[in-house]
Amino acid sequence: MTTHDQSLITRRQVLATTAGLVAVTPFMRAAATQPEHQQHKPAAPPNQPPPAAPPKAGHAGHGGTVPHDLPYRPVSAPDTPTLPFEMDNGVKVFRLTAEPVAREFAPGLVVNTWGYNGQSPGPMIEAVEGDRIRILVTNNLPVHTTVHWHGLLLPNGMDGVGGLTQKHIRPGQTFKYEWTIRGHGTYMYHPHFDEMFQMGLGMMGLFVVHPKAPREPAVDRDYAILLNEWSVAPGAATPDPTEMTAFNLFTFNGRVFPGTAPLLARLGERVRIRIGNLSTTNAHPIHLHGYSFKVTGTDGGPIPESAQWPEVTVNVPTGATRDIEFIADNEGDWAFHCHKVHHLMNGMGHNLPIVVGMRPDEVNARLAKVLPGAMPLSVGMGHMMEMGRPKNTIGSSTEGPFDEIDAGGMFTVLKVRKDLAVGADPGWYEHPTGTLAEPV
Ligand SMILES: [Cu+2]
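Here the structure is a predicted model, which is why all the values come from computation and not from measurement.

Participant: Which residues make up the overall build of the protein, and what values go with them?
Facilitator: Looking only at helices and strands, one finds six helices and 23 strands in the protein. Across the 440 residues of the protein, 45% fall into the buried class. Relative to all contacts within the protein whose residues are 6 or more apart in sequence, the contacts with residues 24 or more apart total 76%.

Participant: Explain the pairing of strand S14 (residues 284-288) residue by residue, including any values.
Facilitator: Of the two faces of S14, only the one carrying His284, Ile286 and Leu288 is buried; Pro285 and His287 on the other face are not. Summarising the sheet, S14 and strand S18 (residues 313-316) pair through four bridges and their orientation is antiparallel. What sits directly across from histidine 284, in S18, is valine 316.

Participant: Which residues make up the sheet that holds strand S4 (residues 125-128), and what values do they have?
Facilitator: Sheet strands pair by backbone hydrogen bonding; their relative direction is either parallel or antiparallel. Read across the open sheet, the four strands follow the order S4-S9-S8-S6; overall the sheet is mixed. Looking at strand neighbours, the two that pair on one side only are S4 and strand S6 (148-150), the edges of this open sheet. When strand polarity is set aside, the average angle formed by the axes of neighbouring strands in this sheet is 25 degrees. The pairing of S4 with strand S9 (residues 205-210) spans four bridges and is classified as parallel. What sits directly across from alanine 127, in S9, is valine 209.

Participant: Lay out the sheet that holds S18 with the relevant residues and their values.
Facilitator: Read from one edge to the other, the open sheet built from five strands follows the order S12-S23-S20-S14-S18, with strand pairing classed as mixed. What marks the edges here is a single partner per strand, and that holds for strand S12 (263-266) and S18. Neighbour-to-neighbour, the strand axes of this sheet turn through a mean angle of 20 degrees, independent of strand direction.

Participant: Describe the pairing of strand S10 (residues 221-230), listing the residues and the values that go with them.
Facilitator: Summarising burial for S10: ten of the ten residues are buried, a large majority. Along S10, one buried face is formed by Arg221, Tyr223, Ile225, Leu227 and Glu229 and the opposite face, lined by Asp222, Ala224, Leu226, Asn228 and Trp230, is buried too. As defined by bridge partners, S10 adjoins strand S13 (residues 270-277) across seven bridges and the pair is classed as parallel. Residue pairing across strands places tyrosine 223 opposite isoleucine 273, the latter belonging to S13. As paired strands, S10 and strand S11 (residues 249-252) are joined by four bridges and run antiparallel to one another. Looking at S11, one finds that asparagine 228 is bridged to threonine 251.

Participant: Quick one: what's the story with the confidence of the model for the protein, residue by residue and with numbers?
Facilitator: Looking at the protein, pLDDT values average 83 and 78% of them are 70 or higher. Note that residues 1-67 has pLDDT below 50 and, in this model, 145 contacts with residues that lie over four places away or in other chains.

Participant: Give me the lowdown on the environment of threonine 280, citing residues and values where you can.
Facilitator: Counting through the fold element by element, threonine 280 comes out in the loop between S13 and S14. Take threonine 280: there are 19 C-beta atoms within 10 Å of it, and that puts it in the partly exposed class. Sequence spacing of threonine 280 and glycine 202 is 78 residues, and the spatial spacing of their C-alpha atoms is 10.0 Å. If near-sequence neighbours (up to four positions away) are discounted, threonine 280 is found in contact with Met199, Gly200 and Glu229.

Calculation criteria
Residues numbered from 1 in each chain as written. Predicted model: local features only at pLDDT ≥ 70, side-chain atom pairs only at ≥ 80, totals over all residues. Helix = DSSP H or I, 4+ residues; strand = E, 2+ residues; numbered from the N terminus. Buried ≥ 20, exposed ≤ 12 C-beta atoms within 10 Å, placed from the backbone. Contact = placed C-beta atoms within 7 Å. Pairing = 2+ DSSP bridges. Axes fitted to C-alpha atoms, helices over the stretch in contact; angles between N-to-C directions. pLDDT = per-residue confidence, 0-100.

Following this line, the structure appears as structure tokens:
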């Protein structure tokens, strides 16, 4: 089945059908044929628990340990590796290869993306203010591309705007970008040629620059998350990069809940979370439960302490980054998510009939007479996708410690514990007696 055929089966049709109480229709069966991701490179390893050992130079850590050979505490981008580098006469040399990538968003959902070095988003680049860096970009795509270093202060000819500041990188070519880093903060990279298509397919990455002199107060955990939104028809595996408004998958570092890695912190630690957004259209108001945090930086640089104010939600516009910081002084499993409720669903659509106030028992009894075995009307949108779902499509309901968690998309859990083994997911929080909402 071709992408074109799949694009004819919209999620609206599928959902209008499930909402119309018919469990499986011929077009849903058609949508459930083999997805096309086999044609691309194998996916990067799926969501792994954080590494147990201290990270090596140039590799991803989990924010908790400083290796001896790096002059900074490495940032951890959950579900995303850090780009290794080599030294060449005092120059840090990084290599990026633009290429197709089959990315597992969560178990049961693999998407044909474009990215870098087998990753979408690409690996996080980490450097230090004052570094001389060289980035060798090889184009293994069938089309021209460039890389723009978003927010970085650099010579004009290194800015990566195709046609304006450089020639396009043709398929098979390698271009050299080289400059000395000024400033520090949370930045990003992405193509600046046919952005709609290439970024819509997932070409983007994080670029963190540490200050030369450590910023005070130092943080104990330093996380980075890149936000993106996608349009992938149910049963399809290839995003539609021409979509402008009706996105149906929303990712933290290329993963959707329950595929997103938890953020870990020990009680009393200072935590920074860097959030970048390269979504096609949307701003994402990212909300942290259980805490008041301060916005301490943007891709324009650090915010002076006197100008920081407390928040519980930070709106991250597309084409921007925000750093937030807080002291993890409240134990528990705290939800961390986008506050646009449609961004907490996987493969969800719109244009559903309003069923609020309908009496499900009555409708189910009438339905059973005309369509024996049809999906009964249930409560909770997450359930709607649980029956008769096309292949390569996942629901928005995950088994939690108490009941199902009705969330997908841009959702993860900040796990704060008094005792936390290095790199180990502590499991679900055990609430002390008298601190849990219960029936009376
Ligand atoms: Cu959002």
